[in-house]
Amino acid sequence: MKTRFMLTAIIALMLGFMGSFTMPADSAAKYTDNEIKTMVRDIQTLNLLNSLNLTKDQMQQMLSVAKEVKKTDDELKNLYDRKYNEMHGVLQEMRTELMSKTDLSDSLKKRYHDAENEIKVKQVEYTDKQKEWGKKMQSVLNENQKVMLKEYQPCLVPVKNIANPERIGQAGNNERIAKMLGKIRKLPDDKYAQAKQMFLEKTKERVKMMIPDDAEREKAVKNAEAAMDKARKMSDEEFELKKDELAGGILPKKAKPADVENNFTKQFLLNPNLASILEAKIKSSGK
Amino acid sequence: MDRRDFLKNAAILGAGCMAAAAVEPTAAEALPTASGIKEASFYKKIDSRTVQCKLCPLEEKLTAGSKSVCRVRSVQNGKLYVSNYGKPCAMHLDPVEKNPLYHFNPGMKSLALATAGCNLACPACQNWEMSQKSVNEIKSYDLSPSKAVSYAKKNECGALSFTFTEPAIFIEYCIDASKAAKESGLKSCVVSGGYINTQPLTVLTRYVDAFCVSLKGLSDEQYGGSPRPSVVETVKNTLKTIRQSGKWLEVACLIIPGKSDDEKTISEIAKWIKDNLGEFTPVHFSRFYPSFMLRNIPQTPVGVLEQAQKLAKKAGIKYAYIGNVPGHIGNNTYCHSCNKLLIQRVGFRVLKNNINNGKCQFCGVKIPGVWS
Ligand SMILES: [Zn+2]
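Every value quoted in this text rests on a predicted model; they were computed, and no experiment measured them.

Here is what the cut-offs are and how they apply
Residues numbered from 1 in each chain as written. Chains lettered and ligands numbered in written order. Predicted model: local features only at pLDDT ≥ 70, side-chain atom pairs only at ≥ 80, totals over all residues. Heavy atoms only, no water. Helix = DSSP H or I, 4+ residues; strand = E, 2+ residues; numbered from the N terminus. Rg over C-alpha atoms; globule rule 2.2 N^0.38 Å. Buried < 20%, exposed > 50% of the residue type's maximum accessible area, 1.4 Å probe, protein only. Contact = heavy atoms within 4.5 Å. Pairing = 2+ DSSP bridges. Donors = N, O, S within 2.8 Å, 3.2 Å for Na, K, Ca; no water. Tetrahedral: all angles 85-135°; square planar, octahedral: opposite > 155°, others 65-115°. Expected span 1.5 Å × (residues − 1). Phe/Tyr/Trp six-rings, centres within 6.5 Å; stacked < 30°, edge-to-face > 60°. Axes fitted to C-alpha atoms, helices over the stretch in contact; angles between N-to-C directions.

**Section: the overall build of chain B**
Secondary structure assignment for chain B yields 9 helices and 19 strands. Radius of gyration (C-alpha) of chain B: 21 Å, near the 21 Å computed for a compact globule of 372 residues. Dimensions of chain B, computed from the C-alpha atoms along their principal axes, are close to 65 × 40 × 35 Å. Looking at chain B residue by residue over its 372 residues, the buried ones come to 60%. Looking at chain B alone, contacts between residues at least 24 apart form 66% of all its contacts between residues at least 6 apart.

So this is what it looks like as C-alpha cells:
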C-alpha cells in the first residue's frame with residue numbers, strides 16, 4: 001500500500017512538473033486567447049528584463065525606442081480598425097452584388113484592393129522599422145546581456161535557484177527532477193517499469209508540442225529513458241555527482257527559433273507594451 | 001557529534017580504534033578511517049582526560065562527552081577525533097568560477113566537496129543546512145581521498161575544491177585529499193571563512209594551490225551570530241598568511257543590505273586589501289540572498305554591488321568583481337592596463353579567454369593569476 005502510494009506520488013510529481021498548460025475551450029470566457037497571450041508575453045518580457053539587470057541608463061535608452069514602437073503599433077492598430085471596417089463594408093456589398101450578378105463591379109474590386117494594399121504597405125514599413133528598432137535595442141545591451149538574450153528560456157515563473165544560474169531566466173531547475181530520480185532509484189523493479197512507462201508516455205505527448213522534428217523528438221524520449229535507467233545503476237556517490245546532469249537529460253529542451261537573437265528581440269524587446277513596462281521599472285528602480 | 005554518536009561510530013571501528021588510541025598522536029596517519037573517524041591533527045593534551053583543540057582561535061578544551069562548536073570533534077580516551085574524515089555531505093562537479101576563483105585556471109572543472117560542520121555561525125550562511133549540522137544529522141557519503149581523486153579524474157576535473165561549509169574543520173581530509181590530488185597531477189582549492197589558527201593554516205598552504213577567503217567586514221559585529229573571539233583579526237591574519245605563502249588568493253565580500261553595504265565599510269575593506277594583500281588581489285562583491293537567520297533582509301540591489309565595485313577600483317583594487325548576479329558584466333575580467341575584455345563569463349561559464357601565456361593578448365601586460 002505504502003509502495004503504491006509512493007509510486008503514485010512520484011509519477012504525479014514528475015508528470016505535474018512536465019504537464020503542459022492548456023486553456024479550457026470556453027466560448028463565454030471573459031478574456032480572449034489573444035489577451036491571455038499578450039499577458040504571457042508581458043510576463044516573459046519582464047522575466048527577461050529582470051535577468052538582464054539593466055542599468056537605469058540602459059532602460060532610458062530602450063524606453064525612447066519602445067515609445068516609438070508603441071506609437072507605430074498604435075497607428076497600425078488604428079489603421080487595421082479603419083481598414084477592416086472599410087473592408088467589411090466592401091465585402092458585404094460584394095456578397096449582396098453576387099446574390100444577383102455573376103461578377104463584381106470594378107469599383108468594388110478597387111476599393112477592396114486599395115484597403116488591402118494600404119495595410120500591406122504599412123505592414124512592410126512596420127517590418128522594416130522593426131529591424132531598425134531591433135538593432136537599436138541590441139546596441140544598448142552589453143556583451144553579456146546579448147548572450148543572455150540569446151540563451152533566454154521564456155518563462156512565467158522567475159528563476160529561483162541562484163546555485164545554478166547558468167540557465168538564465170529559466171524557471172524550472174533540475175533540482176526537483178533530480179530529487180524524483182533519487183526516489184526512483186529506490187523503487188523495486190516492477191514498480192519502476194510501471195513508473196517509467198507512464199512517464200515516457202507523458203514525455204512523448206509533451207515533446208510533440210515542444211520539438212517539431214520527428215527524429216529529435218524520438219531522441220529526447222530515448223534520452224529521458226536512458227537517464228532514468230542510468231540513475232538506477234549508479235552508486236550513491238556517482239548519483240550525487242551526476243544527478244543534475246541526468247535530470248537535465250530527462251527534461252526535453254524546447255526547440256529554439258532560428259536566428260534566436262533577432263527573434264527574441266522582436267518578441268520581447270519590441271513588445272508594444274515594453275514602454276509601459278520600462279516606465280514602471282524605471283520608477284521602481286529609483287526607490 | 002554527541003557521545004552516543006561517537007560510541008556508535010567507535011563500535012563500528014571496533015577494537016582497531018581502541019588499540020590505536022593507546023598510541024601517541026604521531027601515529028595519527030595510521031589510524032582507521034572508516035565511518036569518518038580519524039584522530040585530529042591539531043590539538044594538545046592537557047591531562048589524561050582533557051585535550052585542547054588548536055585548530056581555530058576557539059581553542060576549546062574538550063573532555064569525553066563534550067561537544068566541539070564545529071560539531072565534528074570529540075574526545076575519546078584522552079585523544080581528539082574528527083567524525084567527518086572522508087565523509088562529504090555535498091559532492092558537485094563545478095567550474096572553479098563557482099568558488100569563486102576567477103584568476104585560477106578559468107573554466108577548469110573541479111570536484112567540489114564539503115562535510116558537515118563549521119566553526120562559525122554566520123547569520124547569512126547560504127549552506128547552513130550543512131554547516132550547522134553534525135555528520136550524523138545529514139546524509140554523508142564515503143569518499144576517501146583516493147576515491148575523491150579517482151572520481152575527479154573520471155569526471156575530467158582538473159582540481160578538487162573544498163567549499164560550501166568550512167574546510168578548516170575538515171582540514172585532515174582536506175590535507176590528505178590535496179596530497180593525493182597533487183600526486184595525481186590535480187590541483188586543489190579551498191574556499192574558507194578564514195577562522196583558523198596560523199599553524200594549521202601554514203600546513204594547509206603547503207598542499208593547497210588556491211584559496212578564496214571570505215571577508216565579511218572589518219568589525220566583529222559584522223560577523224554576527226554566536227560570539228567568537230577575534231574573528232576579524234583571525235581572518236585578516238589568514239589572508240596575510242596565505243598571501244605570504246605564495247599560493248593564489250582571492251577575497252569574497254558578501255554585501256548585506258543594512259549591514260555591510262555602506263560606502264565607508266566597502267572603501268575600508270578595499271583599502272585594507274590593497275594595503276595588506278596587494279592591488280592585484282581579485283575581490284568579489286557577492287550579492288546576499290535572504291537565508292538562515294537573515295530571511296527578513298532583502299537581496300542586495302545590483303546597484304549597490306556596482307557601487308562597491310566602483311569604490312574598490314577607486315581604492316586601487318585592479319580586479320573587483322560582482323558575484324551572485326549571473327551574467328552581469330561585472331563578472332568579466334578586463335585588462336588592468338588596456339581595459340580590453342580578457343575573460344567573458346556568463347553564469348559560471350567562460351565564453352571568451354583572451355589571456356595568452358598569462359599575458360593580455362592585446363597589450364601584452366602580465367595578468368596576475370594562475371593560468372595553466
Ligand atoms: Zn591589456
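**Considerations on the pairing of strand β8 (residues 109–114) of chain B**
All names here are of chain B. Of all the 6 residues making up β8, 5 are buried; the element is thus mostly covered by neighbouring parts of the structure. Pairing analysis gives 6 bridges linking strand β7 (residues 90–95) to β8, with the strands arranged antiparallel. Across the sheet, residue alanine 90 finds its bridge partner in β8, namely alanine 114.

**Considering the coordination of the zinc ion**
All names here are of chain B. Bound to the zinc ion on the protein side are Cys335 (SG), Cys338 (SG), Cys360 (SG) and Cys363 (SG), at distances that span 2.3 Å. Coordination at the zinc ion is tetrahedral: its 4 donor atoms span angles of 107 to 113° at the metal. Looking at cysteine 335, the relative accessible area reads 2%, which means it is buried. Accessibility expressed as a relative area gives 38% for cysteine 363, which makes it partly exposed.

**Considerations on the side chain of threonine 205 of chain B**
Considering the arrangement of structural elements, one finds threonine 205 of chain B in helix α6 (residues 198–207). Apart from the residues lying within four places of it in its own chain, the contact partners of threonine 205 of chain B are Phe211, Ile242, Ser245 and Lys247 of chain B.

**Brief notes about helix α6 (residues 174–185) of chain A**
Over its 12 residues, α6 of chain A runs 16 Å from end to end, which matches the ideal 16 Å to within 8%, given 1.5 Å per residue. Taken residue by residue, α6 of chain A has Asn174, Ile177, Ala178, Met180, Leu181, Gly182, Ile184 and Arg185 of chain A as its buried positions.

**Let's talk about the packing of aromatic side chains**
Residues and elements named next belong to chain A. Throughout the structure, instances matching the rule amount to 11 aromatic pairs over all chains. With a centroid separation of 5.6 Å and 80° between ring planes, the pair formed by tyrosine 126 and tryptophan 133 is classed as edge-to-face. With relative accessibility at 11%, the residue tyrosine 126 sits in the buried group. Classification of tryptophan 133 by relative accessible area gives buried; the value is 1%.

**Details of the sheet that holds strand β17 (residues 349–353) of chain B**
Across the sheet, which stays open at both edges, the 3 strands sit in the order β15-β16-β17 (chain B) with antiparallel pairing between neighbours. Of all strands in the sheet, those bounded by a partner on one side alone are β15 (333–334) and β17 of chain B. Two strands pair when backbone bridges link them, and β15 of chain B and strand β16 (residues 341–346) of chain B are joined in this way by 2 bridges, in the antiparallel orientation. Bridge pairing in β16 of chain B places tyrosine 334 of chain B opposite leucine 341 of chain B. Sheet contacts for helix α5 (residues 143–151) of chain A: β15, β16 and β17 of chain B; angle to β16 of chain B, the most-contacted strand, approximately 30°.

What is shown is where atoms sit, not what they do.
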